[in-house]
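A closer look at the structure
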Amino acid sequence: MEKVVKFGKTIRNNWKKSVVGVIALYYGAATVKEKYEINLLMRAACREAAKYGDSMIPIDRNPTLVTVILNPVANKRKAKQDYENYCEPLLHLAGLQVDVIQTATEGNAKEIVETLKGTEAIIVAGGDGTLSETVTGLLRRNDEANRFPLGVLPLGRTNSIGNILFPNSGDGGNVEKVKQLIEASMAIINGNTVWKDAIKIEPIAEDTEVPPKPIYAMSSVEWGAFKDVFAKKDKYWIYGSLRDYASFVFNGYKESLCWNCSGTIKYTPPCAGCRNCLRKRPEVKRKWFFLMPSVSSQTKTSDPTDLVNVNCSKTEELCFKTCDFRILSPNINNTDQVPALSIAIGKNGYSYKDFVTEGWNRVKNAEVSQPILARTIELLPNGIEQDATIEIDKEEFEVKPVKITLLPKVVKLFCKPAVNTG
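Residues numbered from 1 in each chain as written. Predicted model: local features only at pLDDT ≥ 70, side-chain atom pairs only at ≥ 80, totals over all residues. Heavy atoms only, no water.

The following threshold applies: UniProt positions are given in the numbering used here, feature names are shortened, and annotations may be inferred rather than shown by experiment.
With an unreviewed UniProt entry as reference, the chain is termed Acylglycerol kinase, mitochondrial, source organism Arctia plantaginis. Per UniProt, the chain carries the Cofactor (unreviewed entry) text "Mg(2+)". What UniProt states about the chain under its Sequence similarities (unreviewed entry) heading is, verbatim, "Belongs to the AGK family."

Listed below in structure tokens is the structure:
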């Protein structure tokens, strides 16, 4: 009893050191527990991947070659280490021949993919920006018959498509992140695929200008104050998983945000598919040596590119002035109708309270409740402020007139078996 009393007095007389010690002990125990759980996950995943690596392959073919486009500076330079720790071992154990190409500069992924040859699949190890660059390089190619399926390893700061293909709890924990990376790697090994839509963005050139090459995206085009706030969220890292909410609290009143987005949009209505808006989808042969042949045959249907929709080319025009302008792809905002781009135009003005409330709702849910649906959009901004930027898949570009077109089901992505494959 005397020792207990003495220990209590020591704690009382040195309470500051005691508090620090308890906190250090708590975080130390949490770190050990986290590493233990990650170790268990990786062991199980390695055993599963090794089953594919131990399978026999025909004597007349080499191991499947996949090319990894790795952005080493993604997610504050953590992407390379996470790839090497949690993804690369699984790919090698599965018997894949892995060729890793690291991007050196912004836009480098486009150049790599445009000239890439000799691979059977491309794996994007990065975030939304790296994926957008890879898709841009892929869709700029002319050899449509040899289009590669894409694997997405969500290693970036923002992973919109990766989080849709491989959902996680969203609590930001390392264990959940490793689970997601394991699922993404195993999807590539298993060979499950799904077709996803893309957005084609073409700057509208003057008559005297050479038409620039288009940019392709898979999630969104954003312009305005809300976009600016989301871009600042990493400054509030001290708030952990609440930094998205904190960024709206501390920035909702600032004049540095883009509060004036105005212009005209000309858009055509959605179309289920006809010769005006579709091109034939390329056939992509499955070359994975470990895939079982399909047991079901698909019934051939009429080609929608042979149909004509008289309403497909109708054009609507709308002038707008707002603090927030967004265009979401069907990958992000499912309308449960024909494939369509979702145009969301916010209010012209917000009070501080309304802005923060709306921002917090955006953090919870990116979908648009009552959007304007369109197949093609001409965005014609006016009164462009100096240094104003528009965000395409989280990458910033100068605000200028552009034509935006939906390309349904043109990118083939590896996915979990639960996702509807195509």
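Resuming the write-up.
1. Re the overall build of the chain
This is how it is decided: Under the DSSP-based scheme used, a helix requires at least four consecutive residues in state H or I and a strand at least two consecutive residues in state E, with every element numbered from the N terminus. For the exposure calls, accessible area comes from a 1.4 Å probe over protein chains only, and a residue counts as buried if that area is under 20% of its type's maximum, exposed if over 50%, partly exposed in between. Only heavy atoms enter the contact rule, under which two residues are in contact if any of them lie within 4.5 Å. Reported accessibility uses the Shrake-Rupley method at a 1.4 Å probe radius. Residues are deemed covered only where the shown protein chains occlude them.
When its secondary structure is counted, the chain shows 11 helices and 16 strands. Looking at the chain as a whole, 44% of its 422 residues qualify as buried. Across the chain, contacts joining residues at least 24 apart in sequence account for 81% of those joining residues at least 6 apart. Carbon and sulfur atoms make up 52% of the accessible area of the chain, which totals about 23200 Å².

2. A look at the pattern of salt bridges
Here is the rule: Salt bridges are identified by distance alone: a Lys or Arg side-chain nitrogen within 4 Å of an Asp or Glu carboxyl oxygen.
Applying the stated criterion across every chain, the model contains 16 salt bridges. Measuring nitrogen to oxygen at the nearest pair gives 3.5 Å for the salt bridge that ties K51 to E48. Of this pair, K51 and E48 are both found in helix 2 (residues 15-53), three residues apart, which corresponds to roughly one turn of the helix. We note a salt bridge from K227 to D228, for which the minimum N-O separation is 2.9 Å.

3. Comments concerning the environment of G252
Structurally, the position occupied by G252 is in the loop between helix 10 (243-251) and strand 8 (261-268). The spacing of G252 and Y352 is 100 residues in sequence and 5.8 Å in space, taken between C-alpha atoms. Discounting residues that sit within four places of it in the chain, G252 has contacts with W259, Y352 and F355.

4. Considering the nonpolar core
For the record, the criterion: In these notes, a set of buried Ala, Val, Leu, Ile, Met, Phe, Trp, Tyr and Cys residues joined through side-chain atoms within 4.5 Å is what counts as a nonpolar core.
Counting 63 residues, the largest nonpolar core has Y83, L153, I189, V411 and L413 as its most contacted members. No other element matches the nine residues that helix 8 (residues 174-190) contributes to this core. The contact partners of L153, leaving out residues within four places of it in the chain, are Y83, C87, I123, V124, A125, G126, A184, S185 and I188.

5. What to know about the packing of helix 4 (residues 79-93) against helix 8
Note the threshold: Between the N-to-C directions of two axes lies an angle of 0 to 180 degrees, each axis being a line fitted to C-alpha atoms and, for a helix, fitted only over the stretch in contact. When an angle is under 35 degrees it counts as roughly parallel; over 145 it counts as roughly antiparallel; between 65 and 115 it counts as roughly perpendicular; any other value is oblique. If you view the pair so one helix is near and one far, a crossing is left-handed when the near helix is turned anticlockwise from the far one by less than a right angle, and right-handed when it is turned clockwise. Nonpolar residues are Ala, Val, Leu, Ile, Met, Phe, Trp, Tyr, Cys and Pro. Charged residues are Asp, Glu, Lys and Arg, and all others, Gly as well, are polar.
Interaxial distance between helix 4 and helix 8 falls to 9 Å at its minimum, and their mutual angle equals 30°. If you check the angle between helix 4 and helix 8, you find them roughly parallel. Helix 4 and helix 8 meet at a crossing whose hand is right-handed. On helix 8, the residues touching D82, Y86, C87, L90 and L91 of helix 4 are V178, L181, I182, S185, I188 and I189. Considered class by class, the residues forming the contact of helix 4 with helix 8 number nine nonpolar, one polar and one charged.

6. Topic: helix 10
All of the buried residues along helix 10 are D244, A246, S247, F248 and N251. Contacts made by the buried residues of helix 10 are with helix 9 (225-231) and helix 11 (352-364).

7. Regarding the packing of aromatic side chains
Heads up, the rule is: Between rings of Phe, Tyr and Trp, where Trp is taken as its six-membered ring, a pair exists when centres lie within 6.5 Å; planes separated by under 30 degrees are stacked, by over 60 edge-to-face, and by other angles tilted.
Scanning all chains against the criterion turns up 14 aromatic pairs. Ring centres of F226 and Y350 lie 5.4 Å apart, and the angle between their planes is 80°; on these two criteria the pair is classed as edge-to-face. With F226 in helix 9 and Y350 in the loop between strand 11 (341-345) and helix 11, this pair connects stretches of sequence that are 124 residues apart. For F226, a relative accessible area of 1% corresponds to the buried category. The class of Y350 is buried, set by a relative accessible area of 17%. For the ring pair F230 and F248, a centre distance of 5.2 Å and an interplane angle of 85° mean the geometry is edge-to-face.

8. A few points about the environment of P339
The residue P339 is located in the loop between strand 10 (324-328) and strand 11 in this model. In the structure, P339 is positioned 68 residues away from L407 in sequence and 9.0 Å away in space, judged by C-alpha atoms. When residues no more than four places from it in sequence are discounted, the contact partners of P339 are P270, C271, P330, L406 and P408.

9. Concerning helix 4
In plain terms, the rule: How far a helix is expected to stretch is found by multiplying one less than its residue total by 1.5 Å.
Here helix 4 spans 20 Å end to end across 15 residues, near enough to the 21 Å set by a 1.5 Å rise per residue. Along helix 4, the residues classified as buried are A79, D82, Y83, Y86, C87, L90 and L91. Just past helix 4, the residue G95 takes up positive phi, approximately 85°.

10. A closer look at the sheet that holds strand 14 (residues 389-392)
Keep this limit in mind: The pairing criterion is simple: DSSP has to find at least two bridges between the two strands.
Pairing in this open sheet of six strands is antiparallel, and the strands run 12-11-10-7-14-15 from one edge to the other. The sheet terminates laterally at strand 12 (372-374) and strand 15 (395-398), the two strands that pair on one side only. Sheet twist, expressed as the average angle between the axes of neighbouring strands with direction ignored, equals 20°. Sheet analysis places strand 10 next to strand 11, joined by four bridges and oriented antiparallel. Considered in strand 11, the bridge of I327 is made with I343.

11. A few points about the environment of C319
Tracing the chain through its elements places C319 in strand 9 (residues 316-322). Between the C-alpha atom of C319 and that of T264, which follows or precedes it by 55 residues, the distance is 4.3 Å. Those residues in contact with C319 that lie beyond four places of it in its chain are G263 and T264.

12. A short note on the side chain of E222
For clarity, the cut-off: Under this definition, polar contacts are N or O atom pairs within 3.5 Å; protein pairs additionally need one hydrogen-donor-capable and one acceptor-capable atom, and for neighbouring residues in sequence, both atoms have to be side-chain atoms.
By the element assignment, E222 lies in strand 7 (residues 220-224). The exposure class of E222 is buried, given its relative accessible area of 9%. One polar contact links E222 to S220, side chain to side chain, over a distance of 3.2 Å. One polar contact links E222 to K394, side chain to side chain, over a distance of 3.2 Å.

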